[in-house]
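Spelled out, the chains give:
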Amino acid sequence: MTEQVVQSAGKGAGTRAPGPPRPHFAGRERELRALDEDTTRAGLHTLSGHPSPYSRVLLVAGAPGSGRTTLAEEFVHRLCARTPGTVLRARLTDPGGTAVPTERTARDLLAALESSRTPQAGADEEALSAALRAELADRAGRDGRPLVLLLDDVARSQQVLDLLPESRGCLVVAVSSGPLTQVPDVRPCTLGGLDRAAAVSLLARRAGSAPRLTVDPRGAETLAELCGDLPAALALVGGWFGARPKLSVADAVALLRQVPDTPVPRGRPGPSAEADGAVDAGNATDATDAAGTADAADAADAPDGEHAADAEGAAGAAGVGDVADPETDAEDEPPAPPGPPAPYPPAPLVRAFRLVNGSLTGSHARLLRLLSLAPAASVDPLGASALAGCSVAAAHAALEEFVRLGLLRALGGSRYEVPGCLDPLLRAELEEHERPDEALLARARLLERTVRRLEACRAVCEPSGSPARKRLAGMPGALRFAHRTEARTWLEARRPELLAAARAAVADSEGRLDTLARRLVSGLARALDAHREPEAAAPELYRLHELVLDVAERGGLHRERAAALLYLGDLDAGTRRLETARARYRTALDSARAGDDPVAAGRALESLGGTYAELGDWERAADWYGRALALRLTRSTPADREAVARLHARLGAVHGRAGRRSEALRGWKAAAAAFRRLGDSASHARALSEAARVQEEADRPQDAVRLCGQALEAARRAGDVRLQAALRMRLADGCERLGDRRAARSNRAAGRRLLAALGEDGTGDGAGEAPAAGDAGPDAAGRYRSG
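Residues numbered from 1 in each chain as written. Predicted model: local features only at pLDDT ≥ 70, side-chain atom pairs only at ≥ 80, totals over all residues. Heavy atoms only, no water.

Participant: Even after reading the chapter, I still don't get the overall build of the chain, so can you show me in this structure?
Facilitator: Within the chain one finds 34 helices and 10 strands. Counting over 787 residues, the chain shows a buried share of 53%. A separation of at least 24 residues holds for 69% of the contacts in the chain among residues at least 6 apart in sequence. (Helix = DSSP H or I, 4+ residues; strand = E, 2+ residues; numbered from the N terminus. Buried < 20%, exposed > 50% of the residue type's maximum accessible area, 1.4 Å probe, protein only. Contact = heavy atoms within 4.5 Å.)

Participant: Is there a simple way to explain the pattern of salt bridges in this structure?
Facilitator: Charged atoms that come close allow side chains of opposite charge to pair. Within the structure shown, the criterion is met by 57 salt bridges. For the salt bridge of Arg 366 with Glu 434, the shortest nitrogen-to-oxygen distance reads 3.2 Å. Of this pair, Arg 366 sits in helix α16 (residues 362-370) while Glu 434 sits in the loop between α19 (423-433) and α20 (436-459), placing them 68 residues apart in sequence. Classification of Glu 434 by relative accessible area gives buried; the value is 7%. For Glu 540, the salt bridge identified is with Arg 495, shortest N-O distance 3.0 Å. Of this pair, Glu 540 sits in helix α24 (residues 534-555) while Arg 495 is found in helix α22 (residues 484-507), placing the two residues 45 residues apart along the sequence. You can call Arg 495 buried: its relative accessible area is 10%. (Salt bridge = Lys/Arg side-chain N within 4 Å of Asp/Glu carboxyl O.)

Participant: I keep staring at the packing of helix α23 (residues 514-531) against α24 and nothing clicks. Help me out?
Facilitator: Each pair of packed helices can be described by the angle between their axes along with the distance between the axes. At a closest axis distance of 10 Å, the pairing of α23 and α24 adopts a crossing angle of 160 degrees. Classified by the angle their axes make, α23 and α24 are roughly antiparallel. As α23 packs across α24, the resulting crossing turns out to be left-handed. From α23, Asp 514, Ala 517, Arg 518, Val 521, Leu 524, Ala 525 and Leu 528 reach across to α24, where they touch Ala 537, Glu 540, Leu 541, Leu 544, Leu 547, Val 548, Val 551 and Arg 554. The residue makeup of the contact of α23 with α24, split by class, is 11 nonpolar, no polar and four charged. (Axes fitted to C-alpha atoms, helices over the stretch in contact; angles between N-to-C directions. Parallel < 35°, antiparallel > 145°, perpendicular 65-115°, else oblique. Left-handed = near helix turned anticlockwise from the far one by under 90°. Nonpolar A, V, L, I, M, F, W, Y, C, P; charged D, E, K, R; others polar.)

Participant: Please clarify how the sheet that holds strand β9 (residues 409-410) should be interpreted in this entry.
Facilitator: Backbone hydrogen bonds are what pair the strands of a sheet, in a parallel or an antiparallel way. Taken together, the three strands give an open sheet; going across it, the order is β8-β10-β9, and neighbouring strands pair in antiparallel fashion. A strand with exactly one partner marks an edge of an open sheet, and here the two such strands are β8 (378-379) and β9. Judged from the two bridges that link them, β8 and strand β10 (residues 416-417) form a sheet pairing that is antiparallel. What sits directly across from Val 379, in β10, is Tyr 416. (Pairing = 2+ DSSP bridges.)

Participant: Looking at this model, I keep getting lost on the side chain of Glu 434. Mind explaining?
Facilitator: For Glu 434, the side chain forms a polar contact with the side chain of Arg 366, separated by 3.2 Å. Engagement of the side chain of Glu 434 in a polar contact is seen with the side chain of Arg 369, the distance being 2.9 Å. (Polar contact = N/O pair within 3.5 Å; in protein donor to acceptor, adjacent residues only side chain to side chain.)

Participant: Help me understand the pairing of strand β7 (residues 187-190) in this model?
Facilitator: On any regular strand, side chains alternate: one points to one face of the sheet, the next to the other face. Where burial is concerned, the two faces of β7 differ: the one with Arg 187 and Cys 189 is buried and the one with Pro 188 and Thr 190 is not. Of the strand pairs in this sheet, strand β3 (residues 56-61) and β7 are connected by four bridges, and their pairing is parallel. Bridging from a neighbouring strand, Val 60 pairs with Cys 189 of β7.

Participant: Hey, could you run me through the packing of aromatic side chains in this one?
Facilitator: We describe a pair of aromatic rings using the distance from one ring centre to the other and the angle between the two ring planes. Considering all chains together, one arrives at one aromatic pair under this definition. With a centroid separation of 5.4 Å and 55 degrees between ring planes, the pair formed by Phe 481 and Trp 490 is classed as tilted. Residue Trp 490 is classed as buried on the basis of its relative accessible area of 11%. Sitting over the ring of Trp 490, Arg 453 keeps its end group 5.3 Å from the ring centre. The ring of Trp 624 carries the charged tip of Arg 627 above its face, separated from the ring centre by 4.3 Å. (Phe/Tyr/Trp six-rings, centres within 6.5 Å; stacked < 30°, edge-to-face > 60°. Lys NZ or Arg CZ within 6 Å of the ring centre and 35° of its normal.)

Participant: What exactly am I supposed to notice about the confidence of the model for the chain here?
Facilitator: For residues with low pLDDT, the predicted coordinates do not support detailed interpretation. Looking at the chain, pLDDT values average 82 and 81% of them are 70 or higher. Averaged over each element, pLDDT in the chain is lowest for helix α12 (residues 281-286) (33) and highest for α16 (96). Of the regions scoring below 50 in pLDDT, residues 266-340 engages in 126 contacts with residues more than four places distant in sequence or in other chains. Within the model, the stretch residues 774-787 combines pLDDT values under 50 with 43 contacts to residues more than four positions away or in other chains. (pLDDT = per-residue confidence, 0-100.)

Participant: Quick question: what am I supposed to make of the nonpolar core here?
Facilitator: It is characteristic of soluble globular proteins that their nonpolar side chains tend to be buried jointly. Ranked by internal contacts, the top residues of the largest apolar core, which has 72 residues, are Leu 454, Leu 491, Leu 524 and Leu 544. With near-sequence residues (within four places) excluded, Leu 491 lies in contact with Leu 454, Cys 457, Leu 498, Leu 524, Ala 527, Leu 528 and His 531. Val 200, Leu 223, Val 249 and Ala 352 belong to the second-largest nonpolar core, a separate cluster that totals 64 residues. (Core = buried A, V, L, I, M, F, W, Y, C linked by side-chain atoms within 4.5 Å.)

Participant: What should I look at first to understand unusual backbone geometry in this one?
Facilitator: Within the chain, Arg 28 stands out as a residue other than glycine whose phi angle is a positive 60 degrees. Structurally, Arg 28 is set in the loop between β2 (15-16) and α1 (29-38). Judged by its relative accessible area of 5%, Arg 28 falls in the buried class. Positive phi is not limited to glycine here, since Asp 699 has a value of about 60 degrees. Examined against the element boundaries, Asp 699 turns out to sit in the loop between α31 (681-697) and α32 (701-718).

Participant: Please explain the pairing of strand β5 (residues 147-154) as it appears in this structure.
Facilitator: In terms of residue burial, β5 counts as a mostly covered element, since eight of its eight residues are buried. The pairing of strand β4 (residues 86-91) with β5 spans six bridges and is parallel. What sits directly across from Ala 90, in β5, is Leu 151. Relative to strand β6 (residues 170-176), β5 runs parallel, the two sharing six bridges.

Participant: When you look at the environment of Ala 592 in this model, what are you seeing that I'm missing?
Facilitator: Relative to the assigned elements, Ala 592 resides in helix α26 (residues 578-594). A C-alpha to C-alpha distance of 8.1 Å links Ala 592 and Arg 561, two positions 31 residues apart in sequence. Excluding residues that lie within four positions of it along the chain, Ala 592 makes contacts with Ala 562, Asp 597, Ala 600 and Ala 601.

Here it is in structure tokens:
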């Protein structure tokens, strides 16, 4: 997940996209002083007389569970408390140890800054990172306010260098498990355990108000020593100890010593997507979805078919049991190379986790390890209930217990986050205790719940009484939204998790979640389209359609592949990446033909013509438009008849640009006839106007005047005053060429009266010029304008 937080620190300052609540902070005063001194200390480049133009980078390095992120957050908070400024935060490593692409990080940070420099959808990594660096350099030191960029979970030096602005007014605080050797003049602050007094204080705070630790200070110190003085381990053991008020400190020490601290497997342990076999009917029954329950009583009162339908839908979409989707069967592809191994958990943290995990009941322990499947390591009670197949109330109670034990971090708003230091341990537990098919079914239930939630998010935007609103009324109460604002707030808050869920579902190399992945991507795209302006939604929609393309290529779904390529080509064409758009349209044409989809094939042919027209290659544009026209003429649907008229107009336009006047005239006359048959008087008038223009260019003024008169009558029927004014002016020019000065004065006066009615004087360049009926280029949205 790329998590970004933009906030203005200081008195009276507002905060946008707030992060999780700040945890209690203890100790680390020496490290805080060192970091504070490093913000002003001259570096080696400055001492040598060649100060670096880049921002200063402070590095907080430590093992997982050492409190490195908490220390960085506390330092930034204190820094901005003294001098109010802007804080940007990004997380550069996804759960499981995969580095976040720079493109995603840069776009998220630019969106958080509401920057006008944000490149359009489909821009590459270099363009996005350059735009972010320029925006940060521009904002750094503005009005004397500091700009702090907090980069959490940095996996490698290049991630920092790609985001580092050329400005000394920006401070970068990087958090990593090791050194960043390639970052110039980086100031490291290496963390170990807390000092013993701070460790005991944290342990006592987590254990509650019981005086057991106070009356046995030696035992408390021993307990802290066994935790390695690591804040995460102390939080776990303190929460566990506080939940057992009758346990003495000596007994706690003895129990902790008995727990093995053997290392977990290196790498990124997790459930294999490959199942041992089909899930039997009993598993599908146990996986009954409790999505519609707000509590256990609601689950009992729900209709019998409601949850069974969810479970069967999830099982079928996941490809388990007897349900199969032949379209998703694909040839095996080699798996993607694994990412860098996750940071190794220290032995004291392993011991503390195993102590706490071993104390949980069977159902809670299972839910805990299933949380490693939650996208972006974030979960709410609704999602947790889907993972475990339990009621929402039971899941909520378990999540609250996990927070008290230090196993989860509460984010507010019934949202919870798995600490990054515990993620490898939870994945190891999942791999050891859950069969692959059970983990797959849990993922399917969660995806099914997410899809239904997205359907509700989109349906709330539909008019009352529409089919979508009727389906929304029939959904369980826990899935519904009361109004559009609530749905939009939920969508924006959960956007990182939703995008992570889509990426994870598509990344399943076996393709057993492809059906659910397609539904999830489609639902998310529709929800974004309903709640965002097209320009704001375009970047996410671009990446979502790339995911659809991956699924379609893996499953041999030619029609879905063609549709995704056409959408991506439209966005590329709209942002002037014409060569990329041309390649996508050509591939879409091949897929449409393979899938026997004449509609997509016609769309691809027309788009290829439009792309070549934008490139100024009129010969090829006319060729592709001609092929599209030939295909449309074989069909007789209303959409095809509209396309025939439009394509005749486009052929007239490109032939005119190429100087082939006879072909251009033929095209415009055919377009005018087609628009007349459709009853589109405005487009009929424009096509006749363009035919008159061709006659003027061919030095045939009589024919031009005749066609202008016909166009004027059509414009009157359409009520297009501007077009009438333009045609009057053109008629005046034609009459003058024919020597009919009286008619010329009459038409020019009439044209000026029409322009005056529109608030124009008719004296400027291009005044009253008629718009063309067959503009050959794409509009701003990437769709081709009809006549």
